[in-house]
Amino acid sequence: MKILYYYHDSCGLGDFYLLFPVFDALRRKHKNDEITLLSSDEIKDVVTNKKWFDNFISTSTAEYPMNRFDKIYNWDIQKLGITIFYPPKKHFWEIVETNYDITLDRNNFPDIFHLDLTSKEKEEVDLLLSDNKSKSIVLHTGHSYKFPYGKTPDYEWWHNLTSELSDYKFFQVGTKKEDPTSRIMPDFDIRNFNVYDLRDELNLRQVAYLIEKTDTFVAIDSIVTHLSLHSNKTGVVVWGSSNINTHGHEHNINLEAVRHCGKPPCIDLGGFIVEDETNQDCCLMPQNAKADSWPLIEDVVYELNTLIE
């Protein structure tokens, strides 16, 4: 049987990484079948040396429709609303196990989530850290006006955090790019003397290795937080509108914002594609957030100091 995995360009990198145990389980389920991954080249790069796919087709060159496959898996998790019909305390991996009638190999998670780097890629990261005499923290902020909304505190919050930890060096990862067609927004440009800007300088496998080699990390619910699974490094994750029970990881310190509106998380309003302005009234957006909505800076500082000491 010929199977196609379709991962749309608008889908998140974090969701793809979280699907690794699913790909592993389906490879065992379809061990004699031919599996082709249709995705962006960036997605292909994340799965370097993984044995779950027999072929790769880039979405930049693919011809549609592709009707030569016997079975197609559409991995557009948000569009299909895969989590909306399940209890909010059920984790993503439990949900997909039910949906696809598979059993994830949790004992093998360290190997499944481990990302392989070339010697050159490791050397580039090691060189960045070679002259660093300060304690180091990987930083990922996101942006307030990146869809889905309500996932991150505003710029001032992040600037104050890095200022309070002036003895530490922050390696900021993420992107400077902007592409409204795919909802890509540049992450905050945190201009502080102790913040080293690495946005768009490293690939995702290098970011995972950077997390492994530094003291800890602080981030929102994003691909960076999920990449901590590569080394199981503990960091501080600031949660806003997304569901900590569905996408969180127990090895991290998870600090949750207070949603004064009392509504479900903004990105859980159906899980289907919506116009961007639909959720701009989220109570965690900068213009709507109350003073005590986001975790206190001193609490985050305390947790980071505790992890590094």
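Right above here is the structure, for reference.
Described below are features of the structure shown in this document. (Residues numbered from 1 in each chain as written. Predicted model: local features only at pLDDT ≥ 70, side-chain atom pairs only at ≥ 80, totals over all residues. Heavy atoms only, no water.)

1. Observations regarding the pairing of strand E6 (residues 168-172)
Filter applied, for reference: Type-normalised accessible area, obtained with a 1.4 Å probe on protein chains alone, sets the label of each residue: buried when under 20%, exposed when over 50%, and partly exposed for intermediate values. Note on conventions: DSSP H or I runs of at least 4 residues are helices, E runs of at least 2 residues are strands, and numbering of each starts at the N terminus. Two strands pair if DSSP finds at least two bridges between them. Handedness of a crossover: with both strands directed away from the viewer, a clockwise path from the first strand across the helix to the second marks it as right-handed.
Counting buried residues in E6 gives four out of five residues, a clear majority hidden from the surface. As paired elements, strand E5 (residues 135-140) and E6 share five bridges and run parallel to each other. Residue pairing for E6: Val138 is matched across the bridge by Phe171. The handedness of the E5 to E6 crossover, carried by helix H7 (residues 155-164), is right-handed. With three bridges joining them, E6 and strand E7 (residues 195-197) adopt parallel strand pairing. Bridging from a neighbouring strand, Gln172 pairs with Asp197 of E7.

2. Some remarks on the pattern of salt bridges
So the rule is basically this: Salt bridge, as used here: a side-chain nitrogen of Lys or Arg that lies within 4 Å of a carboxyl oxygen of Asp or Glu.
Scanning all chains against the criterion turns up ten salt bridges. Arg28 is the salt-bridge partner of Asp24, the closest N and O atoms lying 3.2 Å from each other. Here Arg28 and Asp24 lie together in helix H2 (residues 20-29), a separation of four residues that amounts to about one turn. Given the relative accessible area of 43%, Arg28 is considered partly exposed.

3. Considerations on the environment of Tyr64
For clarity, the cut-off: Between two residues, a contact is recorded if the distance between any of their heavy atoms is within 4.5 Å.
Looking at the secondary structure, you find Tyr64 in the loop between strand E3 (55-58) and strand E4 (71-74). Those residues in contact with Tyr64 that sit more than four places away from it in its chain are Tyr6, Leu38 and Thr59.

4. Some words on the packing of aromatic side chains
Rules: Only centres within 6.5 Å qualify two rings of Phe, Tyr or Trp (six-membered ring in Trp) as a pair; their planes then separate them into stacked at under 30 degrees, edge-to-face at over 60, and tilted for everything else. In this scheme, Lys NZ or Arg CZ marks a charge over a ring once it lies within 6 Å of the ring centre and within 35 degrees of the ring normal.
Summed over all chains, the structure comprises 24 aromatic pairs. Centre to centre, the rings of Tyr17 and Phe20 are 4.9 Å apart; their planes meet at 65°, and the pair counts as edge-to-face. Just as Tyr17 is buried, Phe20 falls in that class too. Taking 5.5 Å as the distance between ring centres and 5° as the angle between the ring planes, the aromatic pair formed by Tyr73 and Trp75 counts as stacked. Considered together, Tyr73 and Trp75 belong to a single accessibility category, that of buried residues. Stacked on the ring of Tyr196, the Lys or Arg Lys169 has its end atom at 4.9 Å from the ring centre.

5. Focus: the nonpolar core
Put simply, the rule reads: Think of a nonpolar core as a cluster: buried Ala, Val, Leu, Ile, Met, Phe, Trp, Tyr and Cys residues, connected wherever their side-chain atoms sit within 4.5 Å.
Of all hydrophobic cores here, the largest spans 57 residues; its most connected members are Tyr5, Phe20, Phe23, Trp75, Leu210 and Leu227. When residues of this core are assigned to their parent elements, the largest contribution, six residues, is made by helix H8 (residues 204-213). Beyond its immediate stretch of four places on either side in the chain, Phe20 contacts Val46, Val47, Lys50, Trp52, Ile112, Phe113 and Leu115. Counting residues in each nonpolar core, the second largest holds 30 residues, with Cys282, Cys283, Val301 and Ile308 among its members.

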